[in-house]
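Chain residues, written in single-letter form:
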Amino acid sequence: MTADPGGVAELKFRDPGRARELTMALARLAESRERAPVTLMHVCGTHEQAIARFGLRSSLPPGLRVIMGPGCPVCVTDFGEVDEGVALALQGVRIATYGDMVKLPGSSKSLADAQTEGARVEVVYSATQAVELARATEEPVVFFASGFETTAVTTAAILLAGPPANFSVLSAHKYVPPAMEAVAGLPDTRVDGFLAAGHAAVITGYGLFEDFARRHRTPVVVAGFEPLDILAGLVKLLEMIRDREYGVANGYPRCVTRAGNLRAQESLWKVFEAADGPWRGIGVIPDGNLQLRKEWAALDARRRFRIDVSGLQQTERSELSRRCLCGKIMVGLVEPTQCPLFGRECVPDSPVGACMVSSEGTCKIWYQYGGRPDLGGTP
Ligand code: SF4
């Protein structure tokens, strides 16, 4: 393990001079590669937002591709999971969920569609707010919970704190490490190194990736979200690839430790267990879903309610949604602007696919920042 690649802890995080040095280092390292291009994948919508917002892709040398993997929890929420939320809402159960989940299309309807049919769907900004909603009423409130392990910790915390009896959780939480395994194992996807999300590693610790890096002979660098964090992380990845160093480097030492937050991990695994489950556009990922343990059955909406999705399932998707390339984008096979619907039939106000819905979705981020050529990089 290498501590603090690029001296990130001592950087002023937006120092243009240091940014120039790092981009020059990237260019030197990319030039010295025997085989090009090199493809680095990050698995985090917050990284993609920072890359787009600070125009980092336009400063990358030719031959270096930085792509986003399945790092948007809303984007990977499966049709069936949305159908469950919609069915409950149409059955008259009050649903509390995060804002991005409302527009997310299910097999035939979104929660926003259900709202127009009279269903009560409340947008909350935290799990705690969903509990407050339940405390203010006697009717059942279901928290349709999405997000990766970092967000799942907050859901676990409210259950451990003892929510009211009318509260339950419909979990669409996902676990990122198995998704990285799935991407690394895909025959058509070549990823030379992974930039891991600093905020998730605050909880899980960077040690979680050591076995993965060794087995797949793919370096992993944990990075923060300032432009220099990301550039330093990319430099470190290219150095590790050059040196055939298949381990983990911690580029976010001001927040991340090898073991992570043990109390948060304890809470997470006390409430949730990993289970095989579908990720939208990707398929079933072994251990990719976080489901409530059976000890929490009384607070598990799937066990508490009879959820009838039969009226919602469509065997044939609309012609437009069949053309959505979201799944291929999330495993690094294509880029948003290669989708013929990008910015035409599919825009944030009327998204066709999940990647255009969430602020963490690649298509929405690219659309907001102008797509190519504004985002630059290697087409
Ligand atoms: S632009 Fe829309 S339709 Fe195309 S891949 Fe992205 S989300 Fe799917």
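Anyway, here's the lowdown on the structure attached to this text. Note that the coordinates shown come from a computational prediction; the quantities given were computed from them, not determined experimentally.

## So, the packing of aromatic side chains
This model, assessed by the stated rule, comprises seven aromatic pairs. Judged by centre distance (6.1 Å) and plane angle (20 degrees), the ring pair of Phe-148 and Trp-279 falls under stacked. A residue pair is termed long-range when its members are at least 10 positions apart, and Phe-148 in the loop between strand E6 (141-147) and helix H7 (149-160) and Trp-279 in strand E11 (residues 272-279) qualify at 131 residues. Of the two residues, Phe-148 and Trp-279, both sit in the buried class. Judged by centre distance (5.3 Å) and plane angle (85 degrees), the ring pair of Tyr-175 and Trp-269 falls under edge-to-face. Here Trp-269 lies in helix H12 (residues 262-271) and Tyr-175 lies in the loop between strand E7 (167-173) and helix H8 (176-184), a separation of 94 residues in the sequence.

## With respect to the state of the cysteines
Per the stated rule, a full pass over the model turns up two disulfides. Residue pairing for Cys-72: its cysteine sulfur links by disulfide to Cys-75, the two sulfurs lying 2.3 Å apart. Of note, the bridge from Cys-72 to Cys-75 carries an S-S torsion of about 80 degrees and is right-handed in sense. In this pair, the class of Cys-72 matches that of Cys-75, namely buried. A sulfur-sulfur distance of 1.9 Å marks the disulfide that ties Cys-326 to Cys-355.

## Notes on the site of the ligand
Taken together, 13 residues lie around the ligand, and Cys-324, Leu-325, Cys-339, Cys-346 and Cys-363 are the ones closest in. Assessed atom by atom at 2 Å from the grid points, the ligand resides in the largest cavity. The residue makeup of the shell around the ligand, split by class, is twelve nonpolar, one polar and no charged.

## A short note on H12
Listed in full, the buried residues belonging to H12 are Ala-264, Gln-265, Ser-267, Leu-268 and Val-271. Relative to the axis of H12, the buried residues are bounded by an arc of 160 degrees and lie together on one face. Every exposed residue of H12 that faces more than 90 degrees away from the buried side is listed here: Leu-262 and Arg-263. Each element contacted by the buried residues of H12 is listed here: H7, helix H9 (198-204), E11 and strand E12 (283-292). A side-chain oxygen of the first residue of H12 lies 3.2 Å from the backbone nitrogen of Arg-263; this N-cap is Asn-261.

## Here we look at the environment of Ala-157
Structurally, the position occupied by Ala-157 is in helix H7. Judged by relative accessible area, Ala-157 falls into the partly exposed class, the value being 40%. C-alpha separation for the pair Ala-157 and Ala-127, spaced 30 residues apart in sequence, amounts to 8.8 Å.

## Overview of the packing of helix H6 (residues 127-135) against H7
When two helices pack together, their arrangement is given by the angle between their axes and by how far apart the axes lie. Contact geometry of H6 with H7 gives a least axis separation of 9 Å together with a crossing angle of 35 degrees. Contact with H6, carried on its side by Ala-127, Thr-128 and Val-131, involves Thr-154, Thr-155 and Ile-158 of H7 and no other residues of that element. Its residues assigned to classes, the contact of H6 with H7 shows three nonpolar, three polar and no charged.

## Concerning the side chain of Gln-265
Structurally, Gln-265 is set in helix H12. From its side chain, Gln-265 meets the backbone oxygen of Thr-204 in a polar contact 3.4 Å long. From its side chain, Gln-265 meets the backbone oxygen of Ala-259 in a polar contact 2.8 Å long.

## Brief notes about the nonpolar core
Within the largest apolar cluster, 70 residues are counted, with the highest numbers of intra-cluster contacts made by Leu-88, Val-142, Phe-194, Val-220 and Val-222. Element by element, the count of residues in this core is highest for helix H3 (residues 79-90), at five residues. Non-local contacts of Phe-194, meaning those with residues more than four positions away in its chain, are made with Met-41, Val-43, Met-180, Val-183, Ala-184, Phe-212, Thr-218, Pro-219, Val-220, Val-221 and Leu-237. Membership of the second largest hydrophobic core comes to 28 residues, among which are Ala-156, Ile-158, Phe-167 and Tyr-175.

## What to know about unusual backbone geometry
A positive phi angle, near 50 degrees, is found at Arg-244, a position not held by glycine. Despite not being glycine, Asp-287 has its phi angle at roughly 60 degrees, a positive value. Relative to the assigned elements, Asp-287 resides in strand E12.

Rules used in this analysis
Residues numbered from 1 in each chain as written. Predicted model: local features only at pLDDT ≥ 70, side-chain atom pairs only at ≥ 80, totals over all residues. Heavy atoms only, no water. Phe/Tyr/Trp six-rings, centres within 6.5 Å; stacked < 30°, edge-to-face > 60°. Helix = DSSP H or I, 4+ residues; strand = E, 2+ residues; numbered from the N terminus. Buried < 20%, exposed > 50% of the residue type's maximum accessible area, 1.4 Å probe, protein only. Disulfide = S-S within 2.5 Å. Near = heavy atom within 4 Å. 1 Å grid on protein atoms, 1.4 Å probe; cavity = no way out; pocket = protein on both sides within 12 Å on 5 of 7 lines; lining within 4 Å. Sits in = over half its atoms within 2 Å of the grid points. Nonpolar A, V, L, I, M, F, W, Y, C, P; charged D, E, K, R; others polar. Arc of directions from axis to C-beta. Contact = heavy atoms within 4.5 Å. Polar contact = N/O pair within 3.5 Å; in protein donor to acceptor, adjacent residues only side chain to side chain. Axes fitted to C-alpha atoms, helices over the stretch in contact; angles between N-to-C directions. Core = buried A, V, L, I, M, F, W, Y, C linked by side-chain atoms within 4.5 Å.

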